[in-house]
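# Structural characterization, general
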Amino acid sequence: MDIEGKNRITGRFAPSPSGRMHVGNLLSALLAWLSARAAGGRMVLRMEDLDPDRTSRALADQLEDDLRFLGFDWDEGGSAGGPNGPYYQSGRTGLYAEALAQLEKQGLLYPCFCTRAQLHAAEAPHNSDGETIYSGRCRGLAAEQIEAQARLRAPAVRLRLPDEAVRFVDGHYGPVEQNLARECGDIILRRSDGVFAYQLAVVLDDIAMGVTQVVRGRDLLSSTPRQMYLYRLFGARPPQYIHVPLLLARDGRRLSKREHDLDLGALRARGFSGEEIVGRVAYLAGLLPHPRPARPRDLLPLFSWEKVPKENLVLPEDLFRDAQ
């Protein structure tokens, strides 16, 4: 191991405090922690509380409590702070504004006045994941058109993406390629209500916090090429990306905080211990042959990405039926 830590992996938890974690969130958190710790790496806890209407400090504090209950630790971040704070995105908006101004000076941004209905019109193109590809409707507006539109509604700010392919090798799913213009389209970096977009914030924060490995759900796999392009614009090296399968309910839908699908509040209220919850999630991840109580540290000798399935996982109906 490099004594000065220059080659040391730095992973991160980056939950959104919009509700209690559910077992799908925990699957990603567990694999992120194990991947970094098994390599002797560090962990950062960052709260992605960009949207003031959906997140709160109380929920962020509850997330920390749930992580500790489950047996996780981290080296910096959260309420404890550290050298690269603040670790709440709501406190980092000045950094995002400076970066946006930097891109504006390079002529890479433009205002977008499209309504939600226009963006999701039936004729709008979609990529293979069903995500709407922006048509470029506002890309070539003349100055007088922008001035007239701005009198009617506040614009979002979009980044011009080039017609080029971005390629990378995902640590779990292998080679990935995406043409930015044709499979993504120009992306929003600041919404019309002034809230900075996830795509911008996550890149700037991972750069500032020295994150070198990002483990997250495969639903974000298609976001990776555009984030790698942002890394290039800011002159930074992107982290290693490792995406993990999603955990689905038996009817095929993704677990949701909004629907309180097996969240930590419900499981703790039903008497599950942290070890029982972690052990059952580790079983789903392929790290244990059968469910048994385990702390995250107990799983370090057993961890290997080769054991983790690539296909999305279906939650067994009886896995969390009863606490032991």
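Residues numbered from 1 in each chain as written. Predicted model: local features only at pLDDT ≥ 70, side-chain atom pairs only at ≥ 80, totals over all residues. Heavy atoms only, no water.

### Here's the deal with helix H2 (residues 57-70)
- The terminal C-alpha atoms of H2 lie 20 Å apart, and with 14 residues this matches the ideal 20 Å at 1.5 Å per residue to within 8%.
- For H2, the complete set of buried residues consists of Ala60, Leu63, Glu64, Asp66, Leu67 and Leu70. Around the axis of H2, the buried residues are gathered within 165° of arc, so they sit on the same side.
- Where H2 is buried, its residues touch strand S1 (10-13), helix H1 (23-38), strand S2 (42-45), helix H9 (264-269) and helix H10 (274-284).
- Just downstream of H2, glycine 71 is the residue with a positive phi angle, here 100°. (Helix = DSSP H or I, 4+ residues; strand = E, 2+ residues; numbered from the N terminus. Expected span 1.5 Å × (residues − 1). Buried < 20%, exposed > 50% of the residue type's maximum accessible area, 1.4 Å probe, protein only. Arc of directions from axis to C-beta. Contact = heavy atoms within 4.5 Å.)

### Examining the pairing of strand S10 (residues 240-244)
- Here S10 lies mainly inside the structure; four of its five residues are buried.
- Examined bridge by bridge, strand S9 (residues 213-217) and S10 share five bridges and lie parallel to one another. Each residue of the ladder has a partner; that of valine 214, found in S10, is tyrosine 241.
- A crossover connection joins S9 to the parallel S10 through helix H8 (residues 224-233); in handedness this β-α-β unit is right-handed. (Pairing = 2+ DSSP bridges. Right-handed = clockwise from strand over helix to strand, strands pointing away.)

### As for the sheet that holds strand S8 (residues 187-190)
- Spatially, S4-S5-S8 is the arrangement adopted by the three strands of the open sheet, whose pairing is antiparallel. Two strands bound the open sheet, and with one partner strand each, they are strand S4 (109-112) and S8. This sheet shows a mean twist of 45° between the axes of neighbouring strands, independent of strand direction.
- Direction of pairing for S4 relative to strand S5 (residues 156-159): antiparallel, over a ladder of four bridges. Bridging from a neighbouring strand, proline 111 pairs with valine 157 of S5. (Axes fitted to C-alpha atoms, helices over the stretch in contact; angles between N-to-C directions.)

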